[in-house]
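Residue-level listing of the chains:
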Amino acid sequence: MTASEEAHSAGQGLKAELVSAIPSLRAFAVSICGNSDRADDLVQETLVKAWGSLATFSEGTNLTAWLFTILRNIYYSEYRKRRREAPDPDGVIAGRLIAPESQHAHMDFLDFRDAMQKLPLDQREALILVAASGMSYEEAAEICGCAPGTMKSRVNRARNRLSELMSTTPSAERREWLSAERLSEILRD
């Protein structure tokens, strides 16, 4: 018998052993996962992985034990991976994870910042202390050195003026022009 014939007969013997191990592999897979469909998938994955790794199998060792080890490793690897995943058969959770467009929010923030800069300093200061920092009118009045009634008036006027400025938002063309202008300023710095 030539070397190629010996290799062919050894390959046929190995193939026959793989096929004869399938019922035992399936029984083992059903016992560890409890689902016959999933067990069939595990056996198939095991055989594919084993066939691709036949070069690492040592002749004369227990092929069935080697296959059981592969199957067990595949099962536990998938188990660990599934444990970190949230079940989402309808895609509801994935649908909530979609990030909204950030361009518009950024542009709105830039518009807000521009509008804030157009407010008189005393109104801007009052609005920042009371609305943004969460201070009481009395605390803000003490910091600015004015009466609490004056602080209330400044905050009210600032809110009204800011509302007016924000209601006349720039058009899309104006936003693009402003973005290009700001980008060129940043690049110059």
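Asker: What am I meant to see in the packing of aromatic side chains here?
Answerer: The geometry of an aromatic ring pair is captured by the separation of the ring centres together with the interplanar angle, meaning the angle of the planes. In the structure shown here, the tally under the stated rule is 4 aromatic pairs. Between F28 and F68, the aromatic rings sit 4.9 Å apart at their centres with planes inclined by 40°, giving tilted as the arrangement. Remark: F68 occurs in helix α3 (residues 63-83) and F28 occurs in helix α1 (residues 3-33); sequence separation between them is 40 residues. Overall, F68 belongs to the partly exposed group, its relative accessible area being 24%. Arranged with centres 6.4 Å apart and planes meeting at 20°, the rings of Y75 and Y79 form a pair that is stacked. Within this pair, Y75 and its partner Y79 are both found in helix α3, separated by 4 residues, close to a single helical turn. What makes Y79 partly exposed here is its relative accessible area of 37%. An aromatic cluster of three or more residues is present, and its members are Y75, Y76 and Y79.

Asker: How should the packing of helix α6 (residues 121-132) against helix α7 (residues 137-144) be read in this particular structure?
Answerer: Packed helices, taken two at a time, are described by the angle their axes make and the gap between the axes. At a closest axis distance of 9 Å, the pairing of α6 and α7 adopts a crossing angle of 140°. Our classification of the angle between α6 and α7 gives oblique. Crossing of α6 against α7: the hand is right-handed. Together, E125, L129 and V130 of α6 and Y137, A140, I143 and C144 of α7 make up the contact between the two elements. Partitioning the contact of α6 with α7 into residue classes produces 6 nonpolar, no polar and 1 charged.

Asker: What should I look at first to understand α3 in this one?
Answerer: Structurally, the α-helix is built with 3.6 residues per turn, so residues lying three or four positions apart point the same way. End to end, α3 covers 30 Å across 21 residues, agreeing with the expected 30 Å (1.5 Å per residue, within 8%). Taken as a whole, α3 has its buried residues at L63, W66, L67, I70, L71, I74, Y75 and E78. Taking the backbone nitrogen of T64 as reference, a side-chain oxygen 3.1 Å away marks N62 as the first, capping residue of α3.

Asker: Quick question: what am I supposed to make of the nonpolar core here?
Answerer: Nonpolar side chains in soluble globular proteins tend to end up buried together. With 18 residues, the main nonpolar core has L25, A29, L42, L63, W66, L67 and L71 as its most contacted residues. For this core, the leading source of residues is α3, giving 7 residues. Residues within four places of L25 in sequence aside, it is in contact with V43, L47, L67, F68 and L71. Residues L127, V130, A140 and L165 belong to the second largest nonpolar core, which totals 15 residues.

Asker: Looking at this model, I keep getting lost on the packing of α6 against helix α8 (residues 148-167). Mind explaining?
Answerer: Across the interface, α6 lies against α8 with an axial gap of 8 Å and an inter-helix angle of 100°. As far as their axial angle goes, α8 and α6 are roughly perpendicular. The residues of α8 that touch α6, namely those facing D122, Q123, A126, L127, V130 and A131, are M151, R154, V155, R157, A158, R159, R161 and L162. Grouping the amino acids of the contact of α6 with α8 by side-chain chemistry returns 8 nonpolar, 1 polar and 5 charged.

What counts and what doesn't
Residues numbered from 1 in each chain as written. Predicted model: local features only at pLDDT ≥ 70, side-chain atom pairs only at ≥ 80, totals over all residues. Heavy atoms only, no water. Phe/Tyr/Trp six-rings, centres within 6.5 Å; stacked < 30°, edge-to-face > 60°. Helix = DSSP H or I, 4+ residues; strand = E, 2+ residues; numbered from the N terminus. Buried < 20%, exposed > 50% of the residue type's maximum accessible area, 1.4 Å probe, protein only. Axes fitted to C-alpha atoms, helices over the stretch in contact; angles between N-to-C directions. Parallel < 35°, antiparallel > 145°, perpendicular 65-115°, else oblique. Left-handed = near helix turned anticlockwise from the far one by under 90°. Contact = heavy atoms within 4.5 Å. Nonpolar A, V, L, I, M, F, W, Y, C, P; charged D, E, K, R; others polar. Expected span 1.5 Å × (residues − 1). Polar contact = N/O pair within 3.5 Å; in protein donor to acceptor, adjacent residues only side chain to side chain. Core = buried A, V, L, I, M, F, W, Y, C linked by side-chain atoms within 4.5 Å.

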